[in-house]
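Chain and residue survey
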Amino acid sequence: MQVIVEAGNVLGEGIVWCERAQALYWTDIHAATLWRHVPVSGETKQWRLPERLASFALCETDGWLLLALASRLAFFRLADGALHTLCEVEPELPTRCNDGACDRQGRFVFGTLHEPVDGGVKQAIAGFWRLDAGLRLEKLPLEGVAISNSLAFSPDGSTLYYCDSLTRTIRCCTYGDTLGPSRLFADLRDATGEPDGSCVDAEGGLWNAQWGSGRVVRYRTDGGIDRILPVPASQPTRPAFGGAALDTLYVTSARDGLDAATLAREPLAGALFGTRVGVRGVPEPRFAGTPPAGGAP
């Protein structure tokens, strides 16, 4: 796996490939910064945001993103940084937004994570949510989580993958307007790391970044391990397929929580990595809701 951008991200996350712009977008959550990199030209750009950016989705409307900021959902216009807030998320709880992805119908599905005010142990009080094209927000009937992650959809959109990283398991369910019963998909409790972000390839394989173990694992549709891809950083966070042929796997990573000795051994922690893996991804779904015609209020 090669270094694409030596970004030095504290908590690189949320990577998405935009076919229209032929560009990668991702976030450094703790730095409240959105990144863009164009592989063909090597151009890299950053946008600073007013609060931490956890995840986001491309929009059907060109030039806009749907952001899951720490406390709220908002439309963001790339050209001038216009920000239009839609709603707060779990304002009554000590949580923030975390992982998110669009389903095949253009709805944004995302989760939250517990941030204990006293710095204590995270509890499973966070949840999963869905914003539809009419900008209606609903809570999904899934179990509570401490750290939501691994949100991804099968190529036909009929299966939702997700996890609570602290349980060290990945779960799935039949997905549509309603959700089927949750079931175990992959068990990492005998492994070193925790499941973080995921993406799905055109064959239905789930690629999961495993925090703490320096690897991305491809799972077959039956949950069995197909291959293990080493990453030159112990905290990979999320993979995404990109490139003109959607045949390059890109992976974000983090430096968060690593001490000086570990950083000396991992000088590439926080970089963006990439490699060809012999299978293709599927185009990233776009959020179907319409941004405001006049931009920010």
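Notes on the structure in this doc start here. Computed from a predicted model, the values in this text were never measured in an experiment.

The rules behind the values
- Residues numbered from 1 in each chain as written.
- Predicted model: local features only at pLDDT ≥ 70, side-chain atom pairs only at ≥ 80, totals over all residues.
- Heavy atoms only, no water.
- Helix = DSSP H or I, 4+ residues; strand = E, 2+ residues; numbered from the N terminus.
- Polar contact = N/O pair within 3.5 Å; in protein donor to acceptor, adjacent residues only side chain to side chain.
- Contact = heavy atoms within 4.5 Å.
- 1 Å grid on protein atoms, 1.4 Å probe; cavity = no way out; pocket = protein on both sides within 12 Å on 5 of 7 lines; lining within 4 Å.
- Points joined across faces, edges and corners; volume = space filled by probe spheres on them.
- Salt bridge = Lys/Arg side-chain N within 4 Å of Asp/Glu carboxyl O.
- Buried < 20%, exposed > 50% of the residue type's maximum accessible area, 1.4 Å probe, protein only.
- Pairing = 2+ DSSP bridges.
- Axes fitted to C-alpha atoms, helices over the stretch in contact; angles between N-to-C directions.

Notes on the side chain of Asp 103
Within the secondary structure layout, Asp 103 lies in the loop between β10 (95-102) and β11 (108-114). Within the structure, the side chain of Asp 103 is placed 3.0 Å from the backbone nitrogen of Gly 106, a separation counted as a polar contact. Reaching out from Asp 103, the side chain makes a polar contact with the backbone nitrogen of Arg 107 at a distance of 2.8 Å. Apart from residues no more than four positions distant in its own chain, Asp 103 is found in contact with Val 109, Arg 130, Phe 153, Tyr 175 and Pro 285.

Let's talk about empty space enclosed by the protein
Evaluated as defined, the whole model comprises one cavity of 30 Å³ or more. Reported here for the largest cavity is a volume of approximately 230 Å³. For the largest cavity, the lining is made up of 20 residues, of which Cys 199, Val 200, Val 282, Glu 284 and Pro 285 are closest to its centre. Listing elements by their share of the lining of the largest cavity, those giving two or more residues are β2 (12-18), β10, β14 (148-153), β18 (194-200) and β22 (236-242). Of all the elements, β22 adds the most residues to the lining of the largest cavity, at four residues.

Here we look at the pattern of salt bridges
Think of it this way: side chains of opposite charge can pair up when their charged atoms draw near. Applying the stated criterion across every chain, the model contains 19 salt bridges. For Arg 20, the salt bridge identified is with Asp 62, shortest N-O distance 2.5 Å. A residue pair is termed long-range when its members are at least 10 positions apart, and Arg 20 in the loop between β2 and β3 (23-28) and Asp 62 in the loop between β6 (53-58) and β7 (64-69) qualify at 42 residues. On the basis of relative accessible area, Arg 20 is assigned to the partly exposed category, the value being 44%. With a closest N to O distance of 3.0 Å, Arg 107 and Asp 177 form a salt bridge. Highlighted residues: Arg 107 in the loop between β10 and β11 and Asp 177 in the loop between β16 (169-174) and β17 (183-187), separated in sequence by 70 residues. What you see here is one network of salt bridges that share partners, running through Asp 201, Glu 203, Arg 218, Asp 226 and Arg 227.

Looking at the pairing of β18
β18 sits mainly inside the fold: six of its seven residues count as buried. In terms of strand pairing, β18 meets strand β19 (residues 206-211) through five bridges, oriented antiparallel. Across the sheet, the residue bridging to Cys 199 is Trp 207, located in β19.

Some points on the sheet that holds β3
Read across the open sheet, the four strands follow the order β2-β3-β4-β5; overall the sheet is antiparallel. In this open sheet, the two strands that pair with only one neighbour each are β2 and β5 (43-48). Neighbour-to-neighbour, the strand axes of this sheet turn through a mean angle of 20 degrees, independent of strand direction. Strand direction decides the pairing type here: strand β4 (residues 33-38) and β5, joined by six bridges, are antiparallel. Paired with Leu 34 across the bridge in β5 is Trp 47.

Re the sheet that holds strand β15 (residues 159-164)
With antiparallel pairing, the four strands of this open sheet are ordered in space as β14-β15-β16-β17. Lying at the two open borders of the sheet, with one neighbouring strand each, are β14 and β17. Ignoring which end each strand starts from, the neighbouring axes of this sheet average 25 degrees apart. Relative to β16, β15 is paired through six bridges, and the arrangement is antiparallel. Across the sheet, the residue bridging to Asp 164 is Thr 169, located in β16.

Brief notes about the layout of surface pockets
Using a probe with the size of a water molecule, rolled over the atoms, empty space left in the structure can be pinpointed. Roughly 400 Å³ of internal volume is contained in the largest pocket. Taken together, 18 residues line the largest pocket, and the ones lying closest to its centre are Leu 11, Arg 96, Leu 113, Ile 147 and Asp 256. Broken down by secondary-structure element, the contributors of at least two residues to the lining of the largest pocket are β10 and β18. With three residues, the single largest contributor to the lining of the largest pocket is β18.

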